[in-house]
Amino acid sequence: MKKVTTLTKTNRLPYFSLYFLWIGLFVIAPVALIVYQSFFGIDHSLTLSNYRTYLSSSVYLRMTFNSFWFAFLITVLTLAISYPTAYFLTKLEHRQLWILLIILPTWINLLLKAYAFIGIFSQSGSVNNFLTFIGVGPQQLLFTNTSFILVAAYIQIPFMILPIYNSLVDIDPAIINASHDLGANNFQTLWRVIFPMSINGVRSGVQAVFIPSLSLFMITRLIGGNKVITLGTAIEEHFMTTMNWGMGSTIGVVLIIIMFITMALTAGGRKGKAKS
Amino acid sequence: MAKTETILELQHVYKYFDDFTALDDINFTLDQGKFYSFLGPSGSGKTTILRTVSGLILADKGKVLFDGQDITNLPAEKRKVNTVFQNYALFPHLNVFDNVAFGLRLKKMAKSEIDDRVVAVLKVIQMDGYENRMISELSGGQQQRVAIARAIVNEPRLLLLDESLSALDQKLRQQMQYELRSLQQRLGITFLFVTHDQEEALAMSDEILVMNDGKIQQSGTPVDIYDEPINHFVANFIGASNIVPGVMVRDYEVAFVGKTFECADAGMRPNEKVEVVLRPEDIDVTTPEQGKLVVHVDSQLFRGDHFEINSHDEDGNQWLIYATNSIEDKDKVGLSFTPNALHVMRFNEDEADFDARLSQYEEGDNAD
Ligand SMILES: Nc1ncnc2c1ncn2[C@@H]1O[C@H](COP(=O)(O)OP(=O)(O)O)[C@@H](O)[C@H]1O
Ligand SMILES: [Mg+2]
């Protein structure tokens, strides 16, 4: 409190300049560089051909659609698992402990988790052992769309649960009592009161999951193999293998635009609420 | 409301929170179309009673009867009771119209009828024109009205109000007291109002139920409870009282401060230890010679319509007096009162015995 009152315009400047320096160096400069790079062809000439190629090639458009589709499926699956889980968590007694257990996996390196799943899903992994045991026999699990979506959803779940959980615990229990008092059963209360009141948490969760899911590449490679090709893997390909930085940057620009659109779409309701 | 029929009855209701007894053998009946108040200090169990009536919690023991039917274990959404909650509990994601229409929509009512009913009830609470406002855009008094509208639009037989006026400022609160009372009389719905404010309860109610420690101490009309409190707690909680220890010499004679006085109470054992209540407005100031008691004035405050006088007698008992004039000679002042002004209370008398004794011995006094 004291700090805020003593912060005058002049001595506030150092704090702000640090902030602007950070934003400038690590947000604005890289984005500007990507945009700049995207106007260079593979022969280092200034050109719009990267964009022309992107928009006219069915390969890239298909890739874009694929990314969207996978990100959508991952988000829907994550939401379907996370909402009931978050709701259930609010009813538990040792909530802080359970929340900690949900956050814990996010502290483990993504690569480690991906390798763990390779072990679990491999031909001699525990899932196939189980399938053999019940007589189904070993199946190809790794390098399929399903395993990719499952693992991606597993990794994203904490980022969906937390904002939803927070918006659910913010709901005054008296409001839920009021709903029952007015004749709503549990399901009607969930649908008409609890869900609309937690919609901001759902929005934040969808943003936190959908946007990163668009540009996944590590687990796409490790779990999806070469079968799943998304914008994320395409960028990696262009930068690391074909060395076509211009094309890679172009896809990056497209991703950034898609992110902004997604954010605008999911934030829309919040503004609307404040206005009405 | 010519005919009075019982709408709600609680029989030997108990509620426990772990080891704590929140409701301790609660018994009462409510008649159709009357205004009842539960009055008691914070933590006395008022909200817990409302919640067992509305179904938000279930009684651990005993029975809740509504219209003669046992609803003890019926969930809240199935009861024909609506509640105006302590902090309104309006839906922040809905506007005024949708808040009020909430209950009707659940009943799958036709849209046109919902519209008519909501508009009509908003008119009753003088909030027409506010249909599209969000809850956060309303003042406390307006939220209060919407909370009432949201409940009464469902035409409940019984409306529960939990400290509904406590959050409002003094002036608005008095205005809402009048409005609530007249609304209740117009609608003919039974109101069960909970408050810790004794003036509010006295002003609005047909009947008051005084609570303490999870028990109903006394129930009756405001005048009965004010004039004839059953015990020290009730006498103290409702209005200002002088309460002194005494001895019941025989019927209609009580002794305190070393003297014996005529009184209107009877039916106790001879020489039984009792407490005597004398309301400050029932005491007249006179000369020491004419006074039944002689006191020394410690302080006096001008309260606008009366002087509030603090004094003590030779035994050290404190006496609070509301007098029309200030007192000049503070050393020795006479106090006089009529036999009817004295009210004698027995220790640990339960309400049934108290009522029986009063009806037996006070028939003649009811004329005043
Ligand atoms: N859900 C609960 N769990 C534990 N104790 C409770 C609960 N609800 C109420 N109590 C206790 O029961 C007593 C009565 O509470 P309440 O009915 O809310 O009192 P009032 O409305 O008269 O202020 C209080 O001591 C309160 O702490
Ligand atoms: Mg209460």
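J.: Residue-level account of the overall build of chain B, with values.
T.: Of regular secondary structure, chain B possesses 9 helices and 20 strands. In terms of overall dimensions, chain B has a C-alpha envelope of 80 × 45 × 45 Å along the principal axes. When contacts within chain B are restricted to residue pairs at least 6 apart in sequence, long-range pairs at least 24 apart make up 65% of them. Surface exposure of chain B reaches about 17,100 Å², of which carbon and sulfur atoms provide 46%. When the 36 positive and 60 negative side-chain charges of chain B are each reduced to one mean point, those points stand 9 Å apart.

J.: Quick one: what's the story with the site of ligand 1, residue by residue and with numbers?
T.: Residues and elements named next belong to chain B. Around ligand 1, the neighbouring residues are Phe-17, Phe-20, Ala-22, Pro-41, Ser-42, Gly-43, Ser-44, Gly-45, Lys-46, Thr-47 and Thr-48. In the model, an oxygen atom of ligand 1 is placed 2.7 Å from a nitrogen or oxygen of the Gly-43 main chain. Lys-46 places a main-chain nitrogen or oxygen 2.9 Å from an oxygen atom of ligand 1. Protein chains bury 58% of the 560 Å² of accessible surface belonging to ligand 1 in isolation. Mapped onto the shell around ligand 1, the elements with two or more residues apiece are strand E2 (20–31) and helix H1 (46–54). Counting residues per element, the shell around ligand 1 draws most heavily on H1, at 3 residues. In terms of residue class, the shell around ligand 1 is built from 4 nonpolar, 6 polar and 1 charged.

J.: Could you give an account of the interface of chain B and chain A, with specific residues and numbers?
T.: Contacts between chain B and chain A engage 23 residues on the former and 18 residues on the latter. Both sides together, the interface formed by chain B and chain A hides about 1,800 Å², and carbon and sulfur atoms give 64% of it. The largest contributions to the chain B side of the interface with chain A come from Glu77(B), His93(B) and Leu106(B), which together make up 32% of the buried area. Summed over the shared surface of chain B and chain A, the number is 0 salt bridges. Here chain B and chain A share 3 residue pairs in polar contact (both at pLDDT 80 or more) between them. Contributing elements (two or more residues each) for the side of chain B that touches chain A: H1, strand E6 (81–84) and helix H2 (96–106) of chain B. The element that contributes the greatest number of residues to the side of chain B that touches chain A is H2(B), accounting for 4 residues. Among the residues making up the side of chain B that touches chain A, the classes are represented as 11 nonpolar, 6 polar and 6 charged.

J.: Which residues make up the pairing of E6(B), and what values do they have?
T.: All names here are of chain B. Covered by surrounding structure in E6 are Val-81 and Thr-83 together with Asn-82 and Val-84, the residues of both alternating faces. Taken together, the 4 bridges between E6 and strand E7 (residues 158–162) define a ladder with parallel strand orientation. Its bridge partner being in E7, Asn-82 is matched across the sheet by Leu-159.

J.: Quick rundown of unusual backbone geometry? Include the residues and the values.
T.: Positioned with a positive phi, Met243(A) is a non-glycine residue whose angle comes to about 55°. On the secondary structure map, Met243(A) appears in the loop between helix H13 (231–241) and helix H14 (245–275). A relative accessible area of 51% places Met243(A) in the exposed class. Positive phi, close to 60°, is recorded for Asn271(B), a residue that is not glycine.

J.: Would you mind going over the sheet that holds E2(B) in detail, with residue names and values included?
T.: Residue and element names in this part refer to chain B. Ordered by their spatial adjacency, 4 strands build an open sheet running E2-E1-E4-E5, and the pairing between neighbours is antiparallel. If you trace the sheet from one side to the other, it starts and ends with E2 and strand E5 (69–70), each paired once. Pairing analysis gives 5 bridges linking strand E1 (residues 6–17) to strand E4 (residues 61–66), with the strands arranged antiparallel. Bridging from a neighbouring strand, Leu-8 pairs with Phe-66 of E4. Sitting on the sheet, H1 touches E1, E2 and E4, and the angle it makes with E2 is about 60°.

J.: Give a detailed account of helix H4 (residues 140–152) of chain B, specifying residues and quantitative values.
T.: Between its terminal C-alpha atoms H4(B) stretches 19 Å, which fits the 18 Å expected from 13 residues at 1.5 Å a residue. For H4(B), every residue scored as buried is listed here: Gly141(B), Gln142(B), Gln143(B), Gln144(B), Arg145(B), Val146(B), Ala147(B), Ile148(B), Ala149(B), Arg150(B), Ala151(B) and Ile152(B). Turning to H4(B), the residues buried within the fold contact helix H9 (173–181) of chain A together with E6, H2, helix H3 (111–124), E7 and helix H5 (170–187) of chain B.

J.: Explain the nonpolar core to me, using residue names and the numbers behind them.
T.: Counting 61 residues, the largest nonpolar core has Phe148(A), Ile219(A), Ile251(A), Phe91(B) and Phe102(B) as the members making the most contacts within it. Here this core gets 11 residues from one element, more than from any other, and that element is helix H8 (residues 145–169) of chain A. Residues in contact with Ile251(A), not counting those within four places in the same chain, are Tyr54(A), Tyr60(A), Leu231(A), Ala234(A), Ile235(A) and His238(A). Core analysis: the second largest hydrophobic core is formed by 36 residues, Val84(B), Ala101(B), Val146(B) and Ala149(B) among them.

J.: Help me get a handle on the side chain of Glu349(B), residues and values and all.
T.: Residue and element names in this part refer to chain B. Tracing the sequence through the fold places Glu-349 in the loop between strand E20 (343–346) and helix H9 (351–361). Reaching out from Glu-349, the side chain makes a polar contact with the side chain of Arg-357 at a distance of 3.0 Å. With sequence-adjacent residues up to four places away left out, Glu-349 is seen in contact with Ile-230, Phe-354 and Arg-357.

J.: Now, about the packing of helix H3 (residues 49–56) of chain A against helix H4 (residues 58–90) of chain A: what can you tell me, with residues and values included?
T.: What describes two packed helices is the angle between their axes and the distance between those same axes. All names here are of chain A. Packing of H3 against H4 brings their axes to within 5 Å, and their N-to-C directions diverge by 70°. Regarding the angle of H3 to H4, the classification is roughly perpendicular. Facing H3, whose interface residues are Thr-53, Tyr-54, Leu-55 and Ser-56, H4 presents Ser-58, Tyr-60, Leu-61 and Thr-64. Split by residue class, the contact of H3 with H4 holds 4 nonpolar, 4 polar and no charged.

J.: Go over H2(B) with me, naming the residues and quoting the values.
T.: Counting buried positions over the 11 residues of H2(B) gives 9, a clear majority of the element. Taken together, the buried positions of H2(B) are occupied by Val96(B), Phe97(B), Asn99(B), Val100(B), Ala101(B), Phe102(B), Gly103(B), Leu104(B) and Leu106(B). The inward-facing, buried residues of H2(B) abut H9 and helix H10 (186–197) of chain A together with H3 and H4 of chain B. Between the side-chain oxygen of the N-cap and the backbone nitrogen of Phe97(B) there are 3.2 Å, and the N-cap of H2(B) in question is Asn95(B).

Parameters and conventions
Residues numbered from 1 in each chain as written. Chains lettered and ligands numbered in written order. Predicted model: local features only at pLDDT ≥ 70, side-chain atom pairs only at ≥ 80, totals over all residues. Heavy atoms only, no water. Helix = DSSP H or I, 4+ residues; strand = E, 2+ residues; numbered from the N terminus. Contact = heavy atoms within 4.5 Å. Areas by Shrake-Rupley, 256 points an atom, 1.4 Å probe, with all protein chains shown as cover. Lys, Arg positive; Asp, Glu negative; His and termini not counted. Charge placed at Lys NZ, Arg CZ, Asp CG, Glu CD. Near = heavy atom within 4 Å. Polar contact = N/O pair within 3.5 Å; in protein donor to acceptor, adjacent residues only side chain to side chain. Nonpolar A, V, L, I, M, F, W, Y, C, P; charged D, E, K, R; others polar. Buried area = accessible area lost by both parts, 1.4 Å probe. Salt bridge = Lys/Arg side-chain N within 4 Å of Asp/Glu carboxyl O. Buried < 20%, exposed > 50% of the residue type's maximum accessible area, 1.4 Å probe, protein only. Pairing = 2+ DSSP bridges. Axes fitted to C-alpha atoms, helices over the stretch in contact; angles between N-to-C directions. Expected span 1.5 Å × (residues − 1). Core = buried A, V, L, I, M, F, W, Y, C linked by side-chain atoms within 4.5 Å. Parallel < 35°, antiparallel > 145°, perpendicular 65-115°, else oblique.

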